[in-house]
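Survey of secondary and tertiary structure
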Amino acid sequence: MMIKERNLAIAYLLWFFFGQIGLHRFYTGRVGSGITQLLLGIIGWGTTWLLIGWIPLVVLWIWLFVDIFLIPGMCRNPR
């Protein structure tokens, strides 16, 4: 079964506008890590008033920075 390559521009747009909820990962077939990013974003923003929310957000932001370089490979080899 041949899996169609994903559009790189769409993946980067999803990363830029909706990265904190992991939509670019859902788009490229990485559902598990997309759910993890979604949860990190929800938990982080939901608990920033307690100050502990910044911890998951920093982890998410570092991961999103790394994703800048991983997106081309995710688009070439979608799951």
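See the structure above.
Notes on the structure follow. Computed from a prediction, not measured in an experiment: that's the story for all the values here. Note that residues are indexed from 1 along each chain, following the sequence as it is written. Owing to the predicted nature of the model, reporting of local features is limited to residues with pLDDT of at least 70; listing and counting of side-chain atom pairs is limited to 80 or more, with chain, interface and lining totals taken over all residues. Here the side-chain values reflect all heavy atoms present in the structure, with hydrogen atoms and water set aside.

Each helix and strand counted, the protein chain has four helices and zero strands in total. Helices (α) and strands (β) of the protein chain occur, in sequence order from the N terminus, as α-α-α-α. Dimensions of the protein chain, computed from the C-alpha atoms along their principal axes, are close to 45 × 20 × 15 Å. Residues classed as buried in the protein chain amount to 33% of the 79 residues present. Within the structure as shown, the protein chain displays about 5200 Å² of accessible surface, and the carbon and sulfur contribution to it stands at 77%. For the purposes of this entry, the term helix denotes a DSSP run of H or I that reaches at least four residues, the term strand denotes a run of E that reaches at least two, and both are numbered from the N terminus. Residue burial is assigned from relative accessible area. The probe radius is 1.4 Å, only protein chains are included, and a residue is buried under 20% of its type maximum, exposed over 50%, and partly exposed in between. The protein chains shown are the only cover counted for residues, whose accessible areas, like all others here, come from Shrake-Rupley with a 1.4 Å probe.

This part takes up the environment of L39. Positionally, L39 belongs in helix α3 (residues 31–46). Under the relative-accessibility criterion, L39 is labelled partly exposed at 45%. Sequence spacing of L39 and L60 is 21 residues, and the spatial spacing of their C-alpha atoms is 9.7 Å.

We now examine the packing of helix α1 (residues 8–18) against helix α4 (residues 54–76). Here α1 crosses α4 at 160 degrees, and the two axes come no closer than 10 Å. It follows that α1 is roughly antiparallel to α4 by the angle criterion. Of the two elements, α1 crosses α4, and the hand of that crossing is right-handed. Every residue of α4 that contacts α1 at L8, A11, Y12 and W15 is listed here: L64, D67, I68, I71, P72 and C75. For helices, the fitted line uses only the C-alpha atoms of the stretch in contact; every axis is such a line through C-alpha atoms, and the angle between N-to-C directions lies from 0 to 180 degrees. When describing relative orientation, an angle under 35 degrees is termed roughly parallel and one over 145 degrees roughly antiparallel, while 65 to 115 degrees is termed roughly perpendicular and anything else oblique. By the definition used in this description, the sense in which the near helix is turned from the far one sets the handedness, with an anticlockwise turn below a right angle giving left-handed and a clockwise turn giving right-handed. For this analysis, residues touch if any pair of their heavy atoms sits within 4.5 Å.

Before going further, it helps to spend a moment on α4. The terminal C-alpha atoms of α4, which comprises 23 residues, lie 33 Å apart, in line with the 33 Å expected from a rise of 1.5 Å per residue. The sharpest bend along α4 reaches about 55 degrees and sits at F69, with the proline P72 one to four residues further on. Lining the buried residues of α4 we find α1, α2 (23–27) and α3. Expected helix span is computed as 1.5 Å times (number of residues minus one). A residue's bend is the angle separating two fitted axes: one through the seven residues that end there, the other through the seven that start there.

Before going further, it helps to examine α3. The end-to-end C-alpha distance of α3 is 22 Å, a good match for the 22 Å that 16 residues give at a rise of 1.5 Å each. Within the sequence span of α3, burial applies to S33, G34, Q37, L40, G41 and G44. Buried residues along α3 cover an arc of 125 degrees about the axis, so they all sit on one side. As used here, the arc belongs to the directions running from the helix axis to the C-beta atoms.

Okay, the environment of K4 next. By secondary structure assignment, the location of K4 is in the segment before α1. Residues K4 and Y27 lie 23 residues apart in sequence; the distance between their C-alpha atoms is 12 Å.

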